[in-house]
Amino acid sequence: MSLNNLMVYIIEDEPKYAEVLSAYLKRFEHRYEVITDPFVAANKVLSDTPDFVILDLNLPQVDGLDICREIRAASQIPILILTSRVSEFDRLAGLEAGADDYVCKPFSPLEVVSRINTIMRRVRNPAIEVQALTFEGLTLHLKEHTCFANDHPLNLTPVEFRLLRQLISEPRRVFTRQELHASAYPDGRIVSDKTIETHLRNLRLKVNHALPSLDVESVYGVGYKLDLAERQ
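Residues numbered from 1 in each chain as written. Predicted model: local features only at pLDDT ≥ 70, side-chain atom pairs only at ≥ 80, totals over all residues. Heavy atoms only, no water.

> Break down unusual backbone geometry for me, with residues and values.
The omega torsion of the bond from Lys105 to Pro106 falls at -5°, within 30 degrees of zero and hence cis. Within the fold, Pro106 resides in the loop between strand 7 (101–104) and helix 5 (109–124). With a phi angle near 65°, Glu29 is a residue other than glycine that sits in the positive phi range. With respect to the helices and strands, the residue Glu29 is situated in the loop between helix 1 (15–27) and strand 2 (31–35). A positive phi angle, close to 60°, is found at His145, a residue other than glycine. Looking at where His145 falls in the secondary structure, it is placed in the loop between strand 9 (138–141) and strand 10 (146–149). (Helix = DSSP H or I, 4+ residues; strand = E, 2+ residues; numbered from the N terminus.)

> Residues and numbers for the sheet that holds strand 10, please.
Sheet architecture is open: four strands sit in the order 8-9-10-11, paired in antiparallel fashion. What marks the edges here is a single partner per strand, and that holds for strand 8 (132–135) and strand 11 (152–153). Across four bridges, the pairing between strand 8 and strand 9 is antiparallel. When the sheet's bridge partners are listed, Ala132 is paired in strand 9 with His141. (Pairing = 2+ DSSP bridges.)

Following this line, the structure appears as structure tokens:
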């Protein structure tokens with residue numbers, strides 16, 4: 001399935017961000033249109049029906065969350081929020097408003113394009129239901145909610161299982177603490193960073209004990225990833 005030539009609408013009033021996104025979308029053979037007027041954004045998206053929407057939240061006189069809700073109330077067009085709002089509360093509010101993903105500024109344009117492609121693959125293959133996720137001897141059976149390391153059961157708490165499910169969904173990708181918080185607590189509860197760190201530390205010990213070749217690695221200032229352990 002080709003993901004080239006998507007029509008992406010960029011709802012963004014800051015020229016520097018719109019220019020960077022436009023350049024990278026063009027580089028990866030996508031079409032784009034920049035919408036700077038937030039008062040017409042939702043109606044234009046709903047009338048033109050692009051393949052994808054990148055939405056800034058901090059728009060002049062209009063909250064981007066309201067635009068997100070208006071689009072989502074009438075359409076399932078994928079929406080990626082791109083904003084300087086970095087708190088866990090803001091991220092959860094964006095997802096609850098109907099966004100498919102949430103990226104904080106400053107951002108990597110390559111990561112944005114990668115996330116667009118990931119979301120579009122999921123949207124275009126809704127009938128594909130993943131039964132298990134595997135990486136280097138580690139297997140998660142999703143329906144059974146069980147984990148195995150080289151066919152040996154690995155006992156995880158519910159929070160640890162949800163964290164590992166997120167990490168193993170894209171091995172070697174660094175997930176932010178906000179992303180991991182959302183996967184660990186899908187009900188939207190607010191917990192401290194220390195609580196998340198404790199769960200991740202316990203998960204790391206269990207995974208590394210069962211499979212010394214693997215590590216739940218902390219990436220300073222960014223987040224965590226599941227990867228091969230560095231050899232000493």
